[in-house]
Amino acid sequence: ERMIDSVGYIRIREFNSPTPEQFKTAYTSLVDQGAAHFIVDLRNNEGGTLEAAKEIVAYLMPRGPYAHFTAKGEVSTFTAEDSFEMTVASVTLVNGKTAGEAELFAGVLQDFGKTTVVGTSTAGKDTVQEYYSLDSDKSAVRLTVGSLSLVQSGKSWADGGIVPDQLVGLTSEQETYFEVLTDQEDPQLQTAIGVLDSAPSLPTTEAPNTETTVPEETTLP
């Protein structure tokens, strides 16, 4: 994570077991450094562990349901129960390799107006897969165990992926050298910064617990 002027930038390369705590630590650190807005970079993030993605999404969302999981014809609901909620504007960067659990993150926050998605349409993988070991030869197989969809719109992203609010592509040369682009050479990042330049803080969607209103900028995890 790092600061870009007054914007906190966090890149998530994949979702795995340590990711939620790493994300929360990075987020809190950037708030302490004065981050007024956030950019979460999910470009080339092909997913990972569903539980890790759920924990991070729940951390940023208001309390309540935010996604559906369908398995064997039965629908269950993912619900945020954390007392924290992101109340500052954010941009989520995505591209054609953003898939699965990363699409869940971008789709849910976009669905609730918690982020502006910038980049190119995502991979369109709404299925959840798990690895199962085979005792016979110590190999493993990956099986689809269910599919994901959004609560507000009721849609999945299987057909067409998560469509950005602002479509911004990279040239073939920029894609080739993506990992070494400077901030100034990255048009998607520059667009994200531009979106946040005049962005206001978001109102909290949680019902207040007391009669005293706490300024949003003082809300910490």
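The structure this text deals with has already been given above.
Report follows, based on the coordinates. (Residues numbered from 1 in each chain as written. Predicted model: local features only at pLDDT ≥ 70, side-chain atom pairs only at ≥ 80, totals over all residues. Heavy atoms only, no water.)

1. Brief notes about the nonpolar core
Grouped together as the largest cluster of nonpolar side chains are 41 residues, with contacts concentrated most on Phe15, Phe23, Tyr27, Leu60, Tyr66, Phe105 and Val108. Where this core is concerned, the elements lending two or more residues are helix 1 (19-32), strand 3 (37-41), helix 2 (50-60), strand 4 (64-71), strand 5 (74-80), helix 3 (101-111) and strand 9 (139-150). No other element matches the eight residues that helix 2 contributes to this core. The next biggest cluster of nonpolar side chains, apart from the first, holds 15 residues, and it includes Ile39, Val118, Val168 and Ala192. (Core = buried A, V, L, I, M, F, W, Y, C linked by side-chain atoms within 4.5 Å. Buried < 20%, exposed > 50% of the residue type's maximum accessible area, 1.4 Å probe, protein only. Helix = DSSP H or I, 4+ residues; strand = E, 2+ residues; numbered from the N terminus.)

2. Here's the deal with the side chain of Gln188
Tracing the backbone through its elements, the reader meets Gln188 in helix 5 (residues 187-197). Judged by its relative accessible area of 2%, Gln188 is buried.

3. A short note on the pairing of strand 6 (residues 90-94)
Of all five residues in strand 6, five are buried; the element is thus mostly enclosed. Along strand 6, one buried face is formed by Ser90, Thr92 and Val94 and the opposite face, lined by Val91 and Leu93, is buried too. In this sheet, strand 6 lies alongside strand 3 in parallel orientation, the contact comprising four bridges. The residue bridging Phe38 from the neighbouring strand is Ser90, located in strand 6. Once the chain exits strand 6 it traverses helix 3 before rejoining the sheet at strand 7 (residues 116-119), and the crossover so formed is right-handed. (Pairing = 2+ DSSP bridges. Right-handed = clockwise from strand over helix to strand, strands pointing away.)

4. Details of the environment of Thr79
Note on placement: Thr79 falls in strand 5. With relative accessibility at 39%, the residue Thr79 sits in the partly exposed group. Sequence spacing of Thr79 and Tyr66 is 13 residues, and the spatial spacing of their C-alpha atoms is 5.8 Å.

5. Quick look at the packing of helix 2 against helix 3
Packing of helix 2 against helix 3 brings their axes to within 9 Å, and their N-to-C directions diverge by 20 degrees. Relative to helix 3, the element helix 2 lies roughly parallel. Crossing angle aside, the handedness with which helix 2 passes helix 3 is right-handed. Contact residues: helix 2 offers Leu50, Ala53, Ile56, Val57 and Leu60, while helix 3 offers Glu101, Leu104, Phe105, Val108 and Leu109. The residue inventory of the contact of helix 2 with helix 3, partitioned by class, reads nine nonpolar, no polar and one charged. (Axes fitted to C-alpha atoms, helices over the stretch in contact; angles between N-to-C directions. Parallel < 35°, antiparallel > 145°, perpendicular 65-115°, else oblique. Left-handed = near helix turned anticlockwise from the far one by under 90°. Contact = heavy atoms within 4.5 Å. Nonpolar A, V, L, I, M, F, W, Y, C, P; charged D, E, K, R; others polar.)

6. Side note on helix 1
In this model, helix 1 (14 residues) spans 20 Å end to end at C-alpha, consistent with the 20 Å of a helix rising 1.5 Å per residue. Regarding helix 1, the residues found buried are Thr19, Pro20, Phe23, Lys24, Ala26, Tyr27 and Leu30. For helix 1, the arc enclosing every buried residue in end-on projection is 165 degrees, short of the 170-degree limit, so these residues lie on one face. Residues Gln22, Thr25 and Asp32 are exposed on helix 1 and point more than 90 degrees away from its buried face. On its buried side, helix 1 packs onto strand 1 (2-4), strand 2 (7-11), strand 3 and helix 2. (Expected span 1.5 Å × (residues − 1). Arc of directions from axis to C-beta.)

7. Side note on unusual backbone geometry
In most cases, non-glycine residues show a negative phi, while peptide bonds are predominantly trans. The phi dihedral of Asn44 is positive, around 70 degrees, even though this residue is not glycine. Structurally, Asn44 can be placed in the loop between strand 3 and helix 2. Even without glycine at this site, Lys72 takes up a positive phi of about 55 degrees. Position of Lys72 among the secondary structure elements: in the loop between strand 4 and strand 5.

8. A word on the packing of helix 1 against helix 2
The geometry of helix 1 relative to helix 2 is characterised by a closest axis approach of 8 Å and an angle of 30 degrees between their N-to-C directions. By the angle between their axes, helix 1 is roughly parallel relative to helix 2. Contact with helix 1, carried on its side by Thr19, Pro20, Glu21, Phe23, Lys24, Tyr27 and Thr28, involves Ala52, Glu55, Ile56, Tyr59 and Leu60 of helix 2 and no other residues of that element.

9. What to know about the sheet that holds strand 7
Two orientations exist for strands paired in a sheet by backbone hydrogen bonds: parallel and antiparallel. Taken in spatial order, the six strands make up an open sheet running 1-2-3-6-7-10, and their pairing is mixed. Pairing within the sheet leaves two strands with one partner each, and these edge strands are strand 1 and strand 10 (166-167). Sheet analysis places strand 6 next to strand 7, joined by four bridges and oriented parallel. In the sheet register, Val91 faces strand 7, and the bridge partner there is Thr116. Those strands touched by helix 3 are strand 3, strand 6 and strand 7, and its axis lies near 145 degrees from that of strand 6.

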